[in-house]
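Fold and geometry: a report
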Amino acid sequence: MTDLITTGWDEYRLLDCGGGRKLEKFGPYVVDRPEEQAMGSRRLPPEKWAAANAAFAGEKDAEDGRWNFRGNVPETWPTHYKGVKFLGRFTPFRHIGYFPEQAPHWDWMMERIGKQAEPKILNLFSYTGVSSLLAAHAGAQITHVDASKKAIGWARENQALAGMENAKIRWICEDARKFTAREGRRGNKYGGIILDPPKFGRGPEKEVWNLFDDLPEMLSLCAAILEEKNSFVILTAYAIRASHYSIYELCREKFPGAVMESGELVIQEENGGRKIATSLYCRLQR
Ligand SMILES: C[S@@+](CC[C@H](N)C(=O)[O-])C[C@H]1O[C@@H](n2cnc3c(N)ncnc32)[C@H](O)[C@@H]1O
């Protein structure tokens, strides 16, 4: 078990947490949003929380949740990771347009891409495409697959902001399983696969995705299109009642002989403070 800890960077910090919420700094904005795992007491004085530029009202993932803004706060703002620009964005369901806890994956992925000659990387359930842009920046050809036209639109906005219009990125709006199965039938291979499936989702033609039912087949389809050598897989799973061992053992079955590690993606308060786990992961390489 190896937990991957994000301590932040100049554009992201966890400032405080407690009472079921977390206070973070995204670029210039202080953001207060629900975090049920933050059961302890807050350390910063109440006025620091009250001064947040944006606070998400409503329970975690509440349909009726909304952002309350203090002062002139735009819906989107430019941010970056290691020089690659993309947009922060106040979205419904309290998300911010990217997941800062993925930073250790971004570094690990870029390191491996750097060791291959323009590898083909498949990014499934790929949302706003920060991983896709960082992978392209590291020298890969990217196939970015997501079911949501809106998410693909946001990802292309990020591409434009990053000035990566010439990067080799294929934007595909399709059900991840359908796409991966077809790649298998065509005999196409990838040097790396990134997947971050939701617990529950729908494809563009209403194909139902249920992680506990469908992940085993999805990983078999991925195993069939992963290069035999010098290849990798990064799997992240959010909001599921499971241990990282469950995805570890599943990956061990689907990718026999691969070198793998698993654990939790964790965010740590600045100055070496407290930790909040965000999701499970398993990553492997051949
Ligand atoms: C949690 S987000 C992924 C987060 C992303 N990996 C990141 O770190 O930024 C889940 C994404 O899966 C997409 N999705 C849901 N069901 C899908 C399906 N059946 N096929 C492809 N994408 C799907 C959603 O549109 C959403 O963008």
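Residues numbered from 1 in each chain as written. Predicted model: local features only at pLDDT ≥ 70, side-chain atom pairs only at ≥ 80, totals over all residues. Heavy atoms only, no water.

1. What about unusual backbone geometry?
Spelled out, the test is: In DSSP terms, a helix is any run of H or I states spanning at least four residues, a strand is any run of E spanning at least two, and both are numbered starting from the N terminus. Three exposure classes are used, based on accessible area relative to the maximum for each residue type with a 1.4 Å probe and protein chains only: buried under 20%, partly exposed in between, and exposed over 50%.
The residue Arg 94 is not glycine, and still its phi comes out positive at about 65°. Inspection of the secondary structure puts Arg 94 in the loop between strand S8 (84-89) and helix H2 (103-114). Given a relative accessible area of 9%, Arg 94 falls into the buried group. Phi at Asn 230 is positive, roughly 50°, even though this residue is not glycine. Checked against the element boundaries, Asn 230 lands in the loop between helix H6 (211-225) and strand S15 (232-238). Note on Asn 230: relative accessible area 58%, which makes it exposed.

2. Here we look at the domain arrangement of the chain
Selection criterion: Where each domain starts and ends comes from a domain assignment, either automatic or drawn from a database. Here, residues are in contact when the closest pair of their heavy atoms is within 4.5 Å. By buried area we mean how much accessible surface two parts lose on assembly, using a 1.4 Å probe and totalling the loss over both. Here, a salt bridge means any side-chain nitrogen of Lys or Arg that lies within 4 Å of a carboxyl oxygen of Asp or Glu. Under the rule applied, a polar contact is a pair of N or O atoms within 3.5 Å (in protein, one hydrogen donor and one hydrogen acceptor; residues adjacent in sequence only if both atoms are side-chain atoms). For this classification, the nonpolar set comprises Ala, Val, Leu, Ile, Met, Phe, Trp, Tyr, Cys and Pro, the charged set comprises Asp, Glu, Lys and Arg, and every other residue, Gly included, is treated as polar.
Domain parsing of the chain yields domain 1 (4-74) and domain 2 (96-285). Its C-alpha centre places domain 1 at a distance of 26 Å from the equivalent point of domain 2. Facing 22 residues of domain 1, the contacting portion of domain 2 comprises 21 residues. Counting the surface lost from both domain 1 and domain 2, the interface buries some 2,000 Å², and carbon and sulfur atoms represent 62% of this. Ranking the residues of domain 1 by area buried against domain 2 places Leu 4, Thr 6 and Leu 14 at the top, with a combined share of 37%. At the junction of domain 1 with domain 2, the criterion picks out three salt bridges. Seen at the junction of domain 1 and domain 2, the total is 10 residue pairs in polar contact (both at pLDDT 80 or more). When residues of the side of domain 1 that touches domain 2 are traced back to their parent elements, those giving at least two are strand S1 (4-6), strand S2 (12-18), strand S3 (21-26) and strand S4 (29-34). For the side of domain 1 that touches domain 2, the element with the most residues is S2, which contributes six residues. Split by residue class, the side of domain 1 that touches domain 2 holds 11 nonpolar, four polar and seven charged.

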